[in-house]
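Descriptive analysis of the structure
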Amino acid sequence: MDTSDKQKIITLDMRGQVCPACLLVAMDALNKQKTVLKSGAKKLSILTDNREATTTIPSTANNMGYEVSVNKIDTYYEILVEGRL
Amino acid sequence: MVIGSSLLISIVCLILGLAAGFIMHRSDYCVAGMFRDAFLFKSSYMLRVLFLQVVVTMFLFEGARLSGLLAFYPFPMLGFPSLANLIGGFLFGIGMVMAGGCVVGTLYKMGAGSLASGLAFVGLVVGSGIYAEFHPWWASFIKATTFLKGSRTLPQLTNTSPTIYVAVIGAISIFFIMKWHNENMWQRASQVRGYLQPWKAAISLAVIGLVSYIMVGMPLGITTAYSKMAAMIENFFIPDHVKQVAYFQVTKALDIVHPTSGALMQGGPGAHFDTIWAIQFPLISGIVLGSMVSAILLREFAVHFKVPPVQLITAFTGGVILGMASRMAPACNVWHIMGGLPLFAMHSLIFIVGLVPGAYVGSRIVSRIILGKSSGSEEY
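Residues numbered from 1 in each chain as written. Chains lettered and ligands numbered in written order. Predicted model: local features only at pLDDT ≥ 70, side-chain atom pairs only at ≥ 80, totals over all residues.

When you go through chain A residue by residue, the secondary structure sums to four helices and four strands. Along chain A, from the amino end to the carboxyl end, the secondary structure elements read α-β-α-α-β-α-β-β. A compact globule built from 85 residues would reach a C-alpha radius of gyration of about 12 Å, and chain A, at 12 Å, matches this within 12%. Across its three principal directions, the C-alpha atoms of chain A cover 30 × 30 × 20 Å. Counting contacts in chain A only where the partners sit at least 6 residues apart, residues at least 24 apart contribute 60% of the total. (Helix = DSSP H or I, 4+ residues; strand = E, 2+ residues; numbered from the N terminus. Rg over C-alpha atoms; globule rule 2.2 N^0.38 Å. Contact = placed C-beta atoms within 7 Å.)

Have a look at this one:
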């Protein structure tokens, strides 16, 4: 990941956090950063070790009109949310 | 059919626990989350799944009863309805949402490496120990507020065969289950490896409950063991005090002789190795281990220590409330929802009436704590 990419990504490190922190914080960010996310200026990356979040965040973000991908990294997951192109 | 020997009981319970822990981890079967998310996110998917489990359990229990497989009907340790069920259920609802999992959810999350659930577990033991101190007062409250003495279930109260209840409620339930099936509302999209569809988990857990009922004499229940753990730890440090706590002297909360095997099944909340210990401790260990095995196989097992302290404090506090509430109710959500409700046990129905508003209050507390004081480490 180069510097320009890094600036474009908002990272929420939610590893170890309890339910429903992941979804609550993710939804909060999706609402607050709506403009930059929808325009494609930024992406939201959520790091979580909570399996539940890998199901609930994508379905919520999809409903809000975002594209979501889930990737396994080491022992946790990265949920990447971006505006639909 | 009930197994008489303690060792056999323990082996059966360990296997059932391992299976339940594995299944719950794979399907994110969090009962606390089911109620909480209905309030916080208006997401009722998992509540529907829980409904499915109750309906399947209802049919399985009734089928087993009619086939003569159930030695006890209703099962032992099922109480008469009282106001204690309502208050206990309400506190239980608050506690489970704050703890981030119910008495079983906490176990499978702890098994998968959650530090917060580990603290909630400690809270559960502490809360059970605190309850023991005020048990005499609460026991008299239960006694004073018990109504309908003599009837434990709705079929008993109305003097009707349970089959009629199962047929009527079952027919209505099947209508909704099929309706949701036609609307494709049972499948849940998931992008992670090893995901088990929750509806499959619901059916599997109903079968696990049935196996427990047939072989051990009761559906799954684990919370008395938390009192036993508290008693055993206290016994190590302050044995003289433990001798004075009336609750820990109860040795026959469970006291049954199985009619065919003649096995004596006795136990209570004190620091004794008895039938309750033989049933519940392997079940608890099994759930933790089953979930741990699932997490390790998926290469997910890891403990993260960088957790906002406020979340850890909330989880521990929730655990303490949950521990107290599960003795006050008495018994836990798994016992009531997955065991008592399918038999139309009135104390379970009242417990659930208290649980729902409790979960609502818990949801409000938790969302305020999480959004108000902490969030992930953010970089913009």
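With that out of the way, let us pick up the overall build of chain B. In terms of regular secondary structure, chain B is built from 16 helices and three strands. Computed over its C-alpha atoms, the radius of gyration of chain B comes to 20 Å, within 12% of the 21 Å expected for a compact globule of 380 residues. With the C-alpha coordinates aligned to their principal axes, the bounding extent of chain B is approximately 70 × 60 × 40 Å. Taking all 380 residues of chain B together, the buried fraction comes to 54%. In chain B, the share of contacts with a sequence separation of at least 24, taken over all contacts with a separation of at least 6, comes to 81%. (Buried ≥ 20, exposed ≤ 12 C-beta atoms within 10 Å, placed from the backbone.)

The next thing to look at is helix 2 (residues 21-32) of chain A. Given a rise of 1.5 Å per residue, 12 residues ought to cover 16 Å, and the 16 Å separating the end C-alpha atoms of helix 2 of chain A matches this to within 8%. Where helix 2 of chain A is concerned, the buried positions are Ala21, Cys22, Leu23, Leu24, Val25, Ala26 and Leu30 of chain A. (Expected span 1.5 Å × (residues − 1).)

Time to look at the nonpolar core. Among the nonpolar cores identified, the biggest contains 141 residues, and Cys22 of chain A together with Leu91 and Val334 of chain B are the most heavily contacted of them. For this core, the element with the most residues is helix 4 (residues 83-99) of chain B, which contributes 11 residues. Those residues in contact with Leu91 of chain B, other than ones at most four positions away along the chain, are Ile321, Met324, Ala325, Met328 and Gly358 of chain B. (Core = buried A, V, L, I, M, F, W, Y, C linked by C-beta atoms within 7 Å.)

The next thing to look at is helix 2 (residues 31-40) of chain B. All names here are of chain B. Counting buried residues along helix 2, eight of its 10 residues qualify, which places the element largely inside the surrounding structure. Every buried residue of helix 2 is listed here: Val31, Ala32, Gly33, Met34, Phe35, Arg36, Asp37 and Leu40. A positive backbone phi angle near 55° is found at Lys42, which sits one or two residues after helix 2.

A few words now on the pairing of strand 1 (residues 9-13) of chain A. Side-chain positions along a regular strand alternate between the two faces of the sheet. Residue and element names in this part refer to chain A. Residues Ile10 and Leu12 of strand 1 are buried on one face, while the alternating residues Ile9, Thr11 and Asp13, pointing to the opposite face, are not. Pairing geometry for strand 1 and strand 2 (residues 43-48), over five bridges, is parallel. Counted as the bridge partner of Ile10 is Leu44 from strand 2. (Pairing = 2+ DSSP bridges.)

Attention shifts here to the packing of helix 3 (residues 45-66) of chain B against helix 9 (residues 198-216) of chain B. The description of two helices packed together rests on the angle between their axes and the distance between the axes. Residue and element names in this part refer to chain B. One can describe the packing of helix 3 onto helix 9 by two numbers: an axis separation of 8 Å at closest approach and a directional angle of 35°. Every pair of crossing elements has a handedness; the one defined by helix 3 and helix 9 is right-handed. Between helix 3, through Met46, Val49, Leu52, Gln53, Val56, Thr57, Leu60, Phe61 and Ala64, and helix 9, the contact on the second element is made entirely by Pro198, Trp199, Ala202, Ile203, Leu205, Ala206, Gly209, Leu210, Tyr213 and Ile214. A breakdown of the residues in the contact of helix 3 with helix 9 according to their chemical character gives 16 nonpolar, three polar and no charged. (Axes fitted to C-alpha atoms, helices over the stretch in contact; angles between N-to-C directions. Left-handed = near helix turned anticlockwise from the far one by under 90°. Nonpolar A, V, L, I, M, F, W, Y, C, P; charged D, E, K, R; others polar.)

Residues and elements named next belong to chain B. Position of Leu154 among the secondary structure elements: in helix 7 (residues 154-158). C-alpha of Leu154 to C-alpha of Leu349: the two residues are 195 residues apart in sequence and 9.8 Å apart in space. Aside from chain neighbours lying at most four places away, what touches Leu154 is Tyr165, Phe344 and Met346.

Quick look at the confidence of the model for chain B now. Note that predicted coordinates carrying low pLDDT should not be read in detail. Residues and elements named next belong to chain B. When the pLDDT values of chain B are averaged, the result is 93; 96% of them are 70 or greater. Across residues 374-380, confidence stays below pLDDT 50; counting only partners more than four residues off in sequence or on other chains, it has 13 contacts. Both confidence scores are given for the complex: pTM 0.93, ipTM 0.89. (pLDDT = per-residue confidence, 0-100.)

Residues and elements named next belong to chain B. One can find Pro219 in the loop between helix 9 and helix 10 (223-237). Pro219 sits in the buried class, given 24 other C-beta atoms within 10 Å. C-alpha separation for the pair Pro219 and Gly89, spaced 130 residues apart in sequence, amounts to 19 Å. Once you skip the residues sitting within four places of it in the chain, Pro219 turns out to touch Phe75, Gly209, Ser212, Tyr213, Trp335, Met338 and Gly339.

What follows is about unusual backbone geometry. Residues and elements named next belong to chain B. For the bond from Tyr73 to Pro74, the omega torsion is -10°, close enough to zero to count as cis. Residue position: Pro74 is located in the loop between helix 3 and helix 4. The backbone of Asp28 shows a phi angle near 50°, a positive value even though the residue is not glycine. Among the secondary structure elements, Asp28 is positioned in the loop between helix 1 (6-27) and helix 2. With 26 C-beta atoms counted inside 10 Å, the residue Asp28 sits in the buried group.

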